[in-house]
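# Notes for the structure review
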Amino acid sequence: MDVNKITLFGGFGKDGSAEKVRKFSMTVGDIVSIVGPTGCGKTTLINDIELFANENTPSGRRVEINDMPVPEDFIFDPSHHPIALISQHTNFLSDLPVVEFLTIHATVRGAKNVESIITETLSFANELTGEAIMQDIAMTELSGGQTRSLLIADAVVIGNSPIILLDEIENAGIHRTKALELLKKYKKIFVFVTHDPCIALMSDFRIVMKNGAMQQLIITRPEEKNVVAKMKQIDDMMLDFRQIIRSGDELSESIFNENFKVLTF
Ligand SMILES: Nc1ncnc2c1ncn2[C@@H]1O[C@H](COP(=O)(O)OP(=O)(O)O)[C@@H](O)[C@H]1O
Ligand SMILES: [Mg+2]
């Protein structure tokens, strides 16, 4: 069955009161953000989605796919599970070289041209991270940013999961706005737990969490879209500065001013 739509029905916050947002739906092509302070329940919310909550988790939430109860094989057969969750603390347990790990996954998934799908996965991962992933390096030796980039690329390209949940990728040294632009090309549902204003405003809508409950659903207005275009320029400028510092160079006022001048607002 193709997943076209996923709906989450609200349950209860930490204090047991009903969530203000009673339900929301995401359809293919949607990008959604979950925002709110640490401890407000963002990870819990995406875990409920990944678990296909059916009033059987502490929040009492419920998930439907295509306006129907979730099919049994989605729940019990891992190869049919349509959701990839890239969590905050993902680490690889396998010390296989990257290329072997990807080969196994692509083969299990029945990929027709394993070599080309691996090339695509690696080049996608390398566009997401600033530190290129060499195909012969062991999975356990990847940095946090490389690990998450590889997992995202693997889920998108090889796993072909229609729904991808990402928990706070911005701390992992991923080029976030570029990642979002790239991900948009794939027709999927992306849910970002994020503290990053660019990611939040590049989303179609965002859910604001408070005290374990979905408090508000805010659709990104055209005005916010205009703001984010400017914010991205600042973001890219900061990334350039970061690169200068990381590579051991010094930042002069003139370099700063040069960079600042090219902002177009
Ligand atoms: N709706 C809820 N009902 C009961 N407990 C909740 C609920 N939402 C979150 N919690 C609990 O609150 C704590 C923090 O939630 P978490 O999802 O980790 O927050 P965040 O990811 O925003 O930092 C966790 O222990 C979690 O189990
Ligand atoms: Mg969290």
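Residues numbered from 1 in each chain as written. Chains lettered and ligands numbered in written order. Predicted model: local features only at pLDDT ≥ 70, side-chain atom pairs only at ≥ 80, totals over all residues.

What follows is about the domain arrangement of the protein chain. The domain boundaries assigned to the protein chain delineate domain 1 (5–221) and domain 2 (222–265). Placing a centre on the C-alpha atoms of domain 1 and another on those of domain 2 gives a separation of 28 Å. With 4 residues, the single largest contributor to the side of domain 1 that touches domain 2 is helix H7 (residues 197–202). When its residues are assigned to classes, the side of domain 1 that touches domain 2 shows 4 nonpolar, 3 polar and 1 charged. (Domains from an automatic or database assignment. Helix = DSSP H or I, 4+ residues; strand = E, 2+ residues; numbered from the N terminus. Nonpolar A, V, L, I, M, F, W, Y, C, P; charged D, E, K, R; others polar.)

Our focus in this paragraph is the sheet that holds strand E9 (residues 205–210). Strand-to-strand pairing in sheets goes through backbone hydrogen bonds, with the strands running parallel or antiparallel. In spatial order, the strands read E6-E7-E8-E3-E9-E10; together these 6 strands make up an open sheet with mixed pairing. Lying at the two open borders of the sheet, with one neighbouring strand each, are strand E6 (83–86) and strand E10 (213–219). When the angles between neighbouring strand axes are averaged without regard to direction, this sheet yields 20 degrees. Judged from the 4 bridges that link them, E6 and strand E7 (residues 163–167) form a sheet pairing that is parallel. Bridge pairing links Ala84 to Ile164 in E7. Strands in contact with helix H5 (residues 144–158) are E6 and E7; relative to E6, the strand with the most contacts, it is inclined by about 175 degrees. (Pairing = 2+ DSSP bridges. Axes fitted to C-alpha atoms, helices over the stretch in contact; angles between N-to-C directions. Contact = placed C-beta atoms within 7 Å.)

Time to look at the packing of helix H3 (residues 98–108) against helix H4 (residues 114–128). The N-to-C vectors of H3 and H4 enclose an angle of 125 degrees; their axes lie 10 Å apart at closest approach. Looking at the two axes, H3 sits oblique to H4. For H3 against H4, the interelement crossing comes out right-handed. Mapping the contact onto sequence places Val99, Leu102, Thr103, Ala106 and Thr107 in H3 and Val114, Ile117, Ile118 and Thr121 in H4. Here the contact of H3 with H4 is built from residues that sort into 6 nonpolar, 3 polar and no charged. (Parallel < 35°, antiparallel > 145°, perpendicular 65-115°, else oblique. Left-handed = near helix turned anticlockwise from the far one by under 90°.)

Contact geometry for H4 and H5: axes closest at 8 Å, N-to-C directions at 140 degrees. Compared by their axis directions, H4 and H5 come out oblique. Along this stretch, H4 crosses H5, giving a crossing that reads as right-handed. Contacts from Ile117, Glu120, Thr121, Phe124, Ala125 and Leu128 of H4 reach H5 at Ser149, Leu150, Ile152, Ala153, Asp154, Val156, Val157 and Ile158. By residue class, the composition of the contact of H4 with H5 is 10 nonpolar, 2 polar and 2 charged.

Strand order in the open sheet made by the 4 strands is E2-E1-E4-E5, with antiparallel pairing throughout. Each edge of the sheet is formed by a strand with only one pairing partner; in this case those strands are strand E2 (23–27) and strand E5 (68–69). Where strand E1 (residues 5–9) and E2 come together, 5 bridges link them in antiparallel fashion. Each residue of the ladder has a partner; that of Phe9, found in E2, is Lys23.

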